[in-house]
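# Tertiary structure, described
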Amino acid sequence: MSPHTSRAAWPAVRSFFGPGTASAVFFLFMLVFVLGNAAAVHSLLSRYESALDQAVTLDRMRASSQQLAVRAMRLSDGALVQAGQLSQEMDLMDRALQALDQGGVIDGREVPALAQAAARDFLPRIRRDWATLRGRVQTVLLGTYVRDERTAEAQELPQVIQRQWVADDAETLLGTLDACADVLMPLLREGKDRALLASGGLALLDLILLLVLYLMLRRHLVRPLRELRIACRELVQGHYDVRIGYRGRGELGQVARDFNDGIRQVHDLLAKMREDQAGLLRADTIFQGLASNSIVGIFLVENERFTFVSHKMAEIFGYEPREMIDAMTLLSIVAPRERFLMAESIKASQSRRDGTLRFERHGRRKDGSEIDIEVFSSTVRVGEQVSIIGIVQDITERKQAESSAQLAAIAYENSSEAIAITDSAGVVIDVNPAYSRMTGFWPDEIAGELLPLLRPGRHNRDFYDDMWHAINTQGRWEGEYWGQRKSGEDYAERVVMDTAWNHDGSVNCRVAMLSDVTQKKQIEAQIWNQAHHDPLTSLPNRQYFNERLRAAVQSADQSGQALALLFLDLDLFKEINDSMGHATGDRLLVEVARRLQACAAPETSFVARLGGDEFVVLVGDTPDKARIDALCRAILDRITEPYRLGGDPLRISASLGVALYPQDAEDAEALMRHVDMAMYVAKDSGRNCFHYFDRSMRERARMQRDLMYALPQAIEDGQFFLLFQPIHAFRTGRIVQAEVLLRWRHPEFGVIAPADFIPFAEERLLIRPLGDWVFRESIRQLARWRRDLAPDLRLTINVSPGQLGLEDAGLDVVFGLFDALDLSPDCLVLELSEHMLIAEDPQVRDRLRRLHDSGLRFSVGAVSIGMPALLAVHELPFETLKLERATTERLLDGEHAAMVSEAIITLAHRLGLRVTAEGITRQAQYELLRDAGCDEGQGYWFDEPLDQEAFERRLRDEAGHRAVH
């Protein structure tokens, strides 16, 4: 290609690479550059992170090997070590070694295989040393299962040797891992240094490229645009001699040249316009100034059409001036119904000498809406030409104000609401008739006086200070006020006081609207009293007490004073209510409430009835212990005095619980819980006494709260275990059954009995998973024992009422286990409490029948007098009746207890039931029950509750004894 051809093609190339194309190429280049940098940095970081994961894996193997050695040595010493933890650690070592050799995932991280030859040379040694240590650990673990019962002296030397072997093997493996790590760490540092060096190089290259791009953009884009901006700003300011000095050949150069040409043309045109308009401006200045600044519309009519309208005139009617000039007549701006009258007025004005005209009409705007207008016009004659010049004023607002003022006056006079108008200081200017009717004061009696609302009265000083502060700062106050009529009668009024302002911001007047709300306040007080008081005793009810208690606790927190809460419960009130009737019980409660109020000082105490026979007394004013003791004794003495309720004198006692704030609780709810606990301790102590909440109750409450929240996690962590209490047949002395006992091994509170956590499980709907676990473990153990030791053994499991009440109760899972383990359902006995029979829940009874039809057997436990259970035999499928522990303990107290027990046993046998006695601790009890015909028994005289291993030994010993005989 010739040089001439190249020069000819260059402008075309420059034209193609304009700002748009250049911008696209620039951003494409930057995108490729950024992606390249990101890929390079990611590759460097990936290599470094891979090496770092290998080093972390080696370090994890070092820690795991030492933990394995320590646990193995502890296990060889006989310490309690969970085998599952040893298995997990060994599995981790195997997976880590596998990952270093072939790659894998450790603790959620992808670990690549060792690629460095120097590091891979250690893998055979690590694998060999780990195999040695693993064998030692497995030997120790296996030894714990087969350890015999030799003396400690006989086992001391092998354990020492075994521990030394484990320690030596762990030290050898640790040394090999350290040597491998020593080789790997320089490689890791070398990779890190390479990554840092490469990152620095990329950063330097980025800086150089960005600097080059900045210089190019500054020369070919920033500088031309800056010159163009400066020139445009000078042009806006009126400097039409400005020019752009940029001479480039691209699009920006062409823009600069076009701009300079346009400026020259504008300059020439403006010079010519100044010459033409100079004369017109001088002639039109006065008239245009008047028309432009007038607050009224100005018009000129010639030949019945507008030839001039001011902007204000056009604005009044919603037009642009050009829309009205030469197109509209004076009549067109008036409502059609009034155009005839306006035309007659114009004719009349033209016949008068001065030709003036003034009228008010309804004007018509462009959008069809109507406004009130006032027109002043004059007729001007120039030769034969008759013109009308005039002004138009929009008086709509004035008309509305006049109408509003008239309506306000009517409303003011006829309003049912009392209205008072005062000056800025609150002195009455006027009042309406409704005010006079409400207060009894006529306008001339109160005018010039301070409004009664603003005068000090029955309200405190803060009330008036707050009122005036709101009026002076916000111009408005709203509230309720107790005033006094002219007759002296007190009344309540609802007041809204507003301020009317002048244009300069000063107060014009203040307007008070007053409503008589006396009757409303009386109704509200009556409703509040009914909602917050007990209808029987007229004492504050539970809702009112809870509000008062929370307020008292908050006040005590602020003042630092103490509170005392007394919780009173009448002893044996239910028996009195049932035997003497509810009417007598109600009269008794009324008298108890009266006596309580007489004992408690009203200025420092608050007495309330929570419901039923429960009362509370809240004592404030920093009560001391001596004062509280005296109050409790006075209450108990007063309560125990005879009651004369229409018949014989009646006596009753009460139990009192006492709790102090803040010593015994951190809030109102905790205070109520603790005083309730103290009351029940007083009732359990023999009734007719009082008891303070103490630290032991606090610990008990804390334990119950912690157990409630820890129960779900305990089920997941497997903190529960089973005990088995043997049940012996009286005839043969053999173990025929075992009662399954659930226990919770809590990490803080130790072993916990079911009575302390089963209610929480039922309340939080956790009884299903807990019960499922008990059934699964029990049935698996039973299947093994029946197969290997006792073919006729049966297990008794206590069933919670909450579990039987569930639609999908966990009892159904046992049938699948029976089929899988080849067990007959009648080998499992479900023990139900006597209270479940009293409740008579149809759902529970239906489930019992269906489970019995499926093969399960039932026992009713903890029977005292036996009547509910015996009466339910014909309705529910029970086969065993259990005598409770308390009945067994009283057998030796006298002949009466033994006779009652024998009668229950005989009656049960007549009904086809077997009888099991629990709580047998002495041989004499056993002999009495055996002679009375009792079938089976359990208790510490036979066996204590045994764990799985101890119960198996017990079964094995019994099986061996039978084999000998």
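Note: the structure precedes this text.
Attention in this report is confined to the structure presented alongside it. Keep in mind that what you see is a predicted model, and the values were worked out from it rather than measured.

### Things to note about the overall build of the chain
Assigned secondary structure in the chain consists of 32 helices and 26 strands. The buried share of the chain, reckoned over its 965 residues, is 39%. Long-range pairs, those at least 24 residues apart, make up 59% of the contacts in the chain between residues at least 6 apart in sequence. When the accessible surface of the chain is split by element, carbon and sulfur atoms take 54% of a total near 54,300 Å².

### Side note on the nonpolar core
Generally speaking, soluble globular proteins have nonpolar side chains that are buried together. With 62 residues, the main nonpolar core has Leu929 and Phe951 as its most contacted residues. No other element matches helix 23 (residues 767-788), which puts 8 residues into this core. For Phe951, the contacting residues outside a window of four places in its chain are Phe724, Pro726, Ile735, Ala738, Trp785, Leu793 and Leu946. Ala51, Ala72, Leu92 and Ala181 belong to the second-largest nonpolar core, a separate cluster that totals 37 residues.

### Digging into the pattern of salt bridges
Taken as a whole and assessed by the stated rule, the structure comprises 30 salt bridges. A salt bridge links Glu323 to Lys366; the shortest N-O distance between them is 2.8 Å. With Glu323 in helix 9 (residues 321-324) and Lys366 in the loop between strand 5 (356-364) and strand 6 (370-382), this pair connects stretches of sequence that are 43 residues apart. Taking the relative accessible area as the measure of exposure, Lys366 reaches 45% and is therefore partly exposed. For Arg398, the salt bridge is made with Glu360, and the minimal N-O distance between the two is 3.3 Å.

### Side note on helix 16 (residues 542-559)
Its 18 residues give helix 16 an end-to-end C-alpha distance of 25 Å, which sits within 8% of 26 Å, the value for a rise of 1.5 Å per residue. The complete set of buried residues in helix 16 reads Tyr544, Phe545, Leu549, Ala552, Val553 and Ala556. Taken end-on, helix 16 shows its buried residues confined to a sector of 165 degrees, consistent with a single buried face. Among the exposed residues of helix 16, those oriented more than 90 degrees off its buried face are Asp557 and Gln558. Residues of helix 16 that are buried in the fold lie against helix 15 (518-532), strand 13 (563-570), strand 14 (605-611), strand 15 (614-619), strand 16 (654-661) and helix 20 (668-684). The N-capping residue of helix 16, defined by a side-chain oxygen 3.4 Å from the backbone nitrogen of Gln543, is Asn541. Once helix 16 ends, the next one or two residues include Gly560, with phi positive near 80 degrees.

### Remarks on the side chain of Asp571
Mapped onto the secondary structure, Asp571 falls in the loop between strand 13 and helix 17 (573-580). Reaching out from Asp571, the side chain makes a polar contact with the side chain of Lys683 at a distance of 2.7 Å. Among the polar contacts listed, one links the side chain of Asp571 to the backbone nitrogen of Asn688, at a separation of 3.2 Å. Excluding its chain neighbours within four sequence positions, the residues that come into contact with Asp571 are Ile652, Ser653, Ala654, Ser655, Lys683, Arg687 and Asn688.

### A short note on a positive patch on the surface
Together, Arg218, Arg219, Arg223, Arg226, Arg229 and Arg233 line one region of the surface with positive charge. As for its position among the elements, Arg233 is in helix 6 (residues 152-236).

### Details of the sheet that holds strand 9 (residues 428-431)
Judged by pairing direction, the sheet is antiparallel, and its 5 strands sit side by side in the order 9-8-12-11-10 without closing on themselves. Edge positions in the open sheet fall to strand 9 and strand 10 (476-484), since each of these has one partner strand only. Ignoring strand direction, the axes of neighbouring strands in this sheet form an average angle of 25 degrees. With 3 bridges joining them, strand 8 (residues 418-422) and strand 9 adopt antiparallel strand pairing. Bridge pairing in strand 9 places Ala420 opposite Val431. Contacts from helix 14 (residues 461-474) reach strand 10, strand 11 (490-501) and strand 12 (507-516) within the one sheet, and its direction differs from that of strand 10 by about 145 degrees.

### Comments concerning the packing of helix 15 against helix 16
Where helix 15 contacts helix 16, the axes come no closer than 7 Å and their chain directions differ by 95 degrees. Here helix 15 lies roughly perpendicular to helix 16, going by the angle between them. Here Trp528, Ala531 and His532 of helix 15 come into contact with helix 16, specifically with Gln543, Tyr544 and Glu547. Residues that form the contact of helix 15 with helix 16 fall into these classes: 3 nonpolar, 2 polar and 1 charged.

### So, the sheet that holds strand 16
The sheet built from 5 strands is open, its strands ordered 14-15-13-16-17 with mixed pairing. Each edge of the open sheet carries a strand with a single partner, namely strand 14 and strand 17 (690-692). With strand direction ignored, the average angle separating the axes of adjacent strands in the sheet is 20 degrees. As defined by bridge partners, strand 13 adjoins strand 15 across 6 bridges and the pair is classed as antiparallel. Residue pairing across strands places Ala564 opposite Val619, the latter belonging to strand 15. Along the sheet, helix 18 (residues 582-599) contacts strand 13, strand 14 and strand 15; its crossing angle with strand 15, the most-contacted strand, is approximately 10 degrees.

Calculation rules
Residues numbered from 1 in each chain as written. Predicted model: local features only at pLDDT ≥ 70, side-chain atom pairs only at ≥ 80, totals over all residues. Heavy atoms only, no water. Helix = DSSP H or I, 4+ residues; strand = E, 2+ residues; numbered from the N terminus. Buried < 20%, exposed > 50% of the residue type's maximum accessible area, 1.4 Å probe, protein only. Contact = heavy atoms within 4.5 Å. Areas by Shrake-Rupley, 256 points an atom, 1.4 Å probe, with all protein chains shown as cover. Core = buried A, V, L, I, M, F, W, Y, C linked by side-chain atoms within 4.5 Å. Salt bridge = Lys/Arg side-chain N within 4 Å of Asp/Glu carboxyl O. Expected span 1.5 Å × (residues − 1). Arc of directions from axis to C-beta. Polar contact = N/O pair within 3.5 Å; in protein donor to acceptor, adjacent residues only side chain to side chain. Patch = residues over 30% accessible without salt bridge, like charges linked within 9 Å, V, L, I, M, F, W, Y side chains within 5 Å. Lys, Arg positive; Asp, Glu negative; His and termini not counted. Charge placed at Lys NZ, Arg CZ, Asp CG, Glu CD. Pairing = 2+ DSSP bridges. Axes fitted to C-alpha atoms, helices over the stretch in contact; angles between N-to-C directions. Parallel < 35°, antiparallel > 145°, perpendicular 65-115°, else oblique. Nonpolar A, V, L, I, M, F, W, Y, C, P; charged D, E, K, R; others polar.

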